[in-house]
Amino acid sequence: MKDKNHKKLMELAIEEARKTMNQNIGGPFGALIIDQDGQILSIASNTVLGDHDPTAHAEINAIRKACKEIGSHDLSNCTLYTTAYPCPMCLGAIIWSNIKKVYFGCIESDADAIGFRDDFIYKFIENGRENFEILDLEETERQTCLKLFKEYQEKDKELY
């Protein structure tokens, strides 16, 4: 299956989302990941409610499954399909997993129109640490923590 078959791939993501949505396990979000040959590595949906896990978004679940499938944290030759524009958390996971291409269905305002609140996270990111009404971030014990970072650096570990 080549990744140019957008309609079929998106329909698979929609089907997966519909299943868990109708079981009240999660919202209307589905995702799938294909490799460079167009083979499906994972299909997942949002399972936040069922798992009692606010990180169990469709994209995160699909990334976790795909990584297990290939035995690596690096999905650099993969493409992700998702039923909606990824939230900030999912964007971070997509970038950290080295996925370079994402196809999405609904846009941010579509999710906002049905009650999802990604916009306040975008505002927080835009305004940074000064946005105390959303989250109060305060630096403490930086020098102590830097010792741990230095230890890691000296071990010459694999970076990801």
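Looking at an unreviewed UniProt entry, the protein chain carries the name Nucleoside deaminase, with the source organism given as Hujiaoplasma nucleasis. Annotation of the protein chain in UniProt includes, under Sequence similarities (unreviewed entry), the sentence "Belongs to the cytidine and deoxycytidylate deaminase family."

Peer 1: Can you explain the side chain of Glu59? Please cite residues and give values.
Peer 2: When you line up the elements, Glu59 lands in helix H3 (residues 58–70). Buried within the structure, Glu59 lacks any salt-bridge partner; its nearest side chain of opposite charge belongs to Arg64, at an N-O separation of 11 Å. When neighbours within four sequence positions are excluded, Glu59 is seen to be in contact with Ala31, Leu80, Thr82, Ala84, Pro86, Cys90 and Ile94.

Peer 1: Which residues make up the pairing of strand E1 (residues 30–34), and what values do they have?
Peer 2: Where burial is concerned, most of E1 is hidden: five out of the five residues are buried. Side chains Gly30, Leu32 and Ile34 project from E1 onto one buried face, and the interleaved Ala31 and Ile33 project onto a second face that is buried too. In sequence, E1 turns back onto strand E2 (residues 40–45) through a hairpin of five residues, with Gly38 there showing a positive phi of about 85°. Bridge analysis of E1 against strand E3 (residues 79–84) gives four bridges, and the strand direction is antiparallel. Bridge pairing in E3 links Leu32 to Tyr81.

Peer 1: Which residues make up the packing of aromatic side chains, and what values do they have?
Peer 2: Tallied over the entire structure, the rule returns three aromatic pairs. Note on Tyr81 and Tyr103: the rings are 4.8 Å apart at their centroids and 25° apart in plane angle, and the pair reads as stacked. Of this pair, Tyr81 sits in strand E3 while Tyr103 sits in strand E4 (residues 101–106), and the two are 22 residues apart along the sequence. Of the two residues, Tyr81 and Tyr103, neither departs from the other in class, the shared state being buried.

Peer 1: Lay out helix H1 (residues 6–22) in plain terms, naming residues and giving numbers.
Peer 2: In this model, H1 (17 residues) spans 24 Å end to end at C-alpha, consistent with the 24 Å of a helix rising 1.5 Å per residue. For H1, the set of buried residues is Leu9, Met10, Leu12, Ala13, Glu16, Ala17 and Thr20. Along the axis of H1, the buried positions cluster into a sector of 150°, meaning they face one direction only. Opposite the packed face of H1, turned more than 90 degrees from it, sit the exposed residues Lys7 and Asn22. Against the buried residues of H1 lie E1, E2, E3 and E4. Positive backbone phi, at 60°, marks Asn24, one or two positions downstream of H1.

The rules behind these values
- Residues numbered from 1 in each chain as written.
- Predicted model: local features only at pLDDT ≥ 70, side-chain atom pairs only at ≥ 80, totals over all residues.
- Heavy atoms only, no water.
- UniProt positions renumbered as here; feature names shortened; annotations may be inferred.
- Helix = DSSP H or I, 4+ residues; strand = E, 2+ residues; numbered from the N terminus.
- Buried < 20%, exposed > 50% of the residue type's maximum accessible area, 1.4 Å probe, protein only.
- Lys, Arg positive; Asp, Glu negative; His and termini not counted.
- Salt bridge = Lys/Arg side-chain N within 4 Å of Asp/Glu carboxyl O.
- Contact = heavy atoms within 4.5 Å.
- Pairing = 2+ DSSP bridges.
- Phe/Tyr/Trp six-rings, centres within 6.5 Å; stacked < 30°, edge-to-face > 60°.
- Expected span 1.5 Å × (residues − 1).
- Arc of directions from axis to C-beta.

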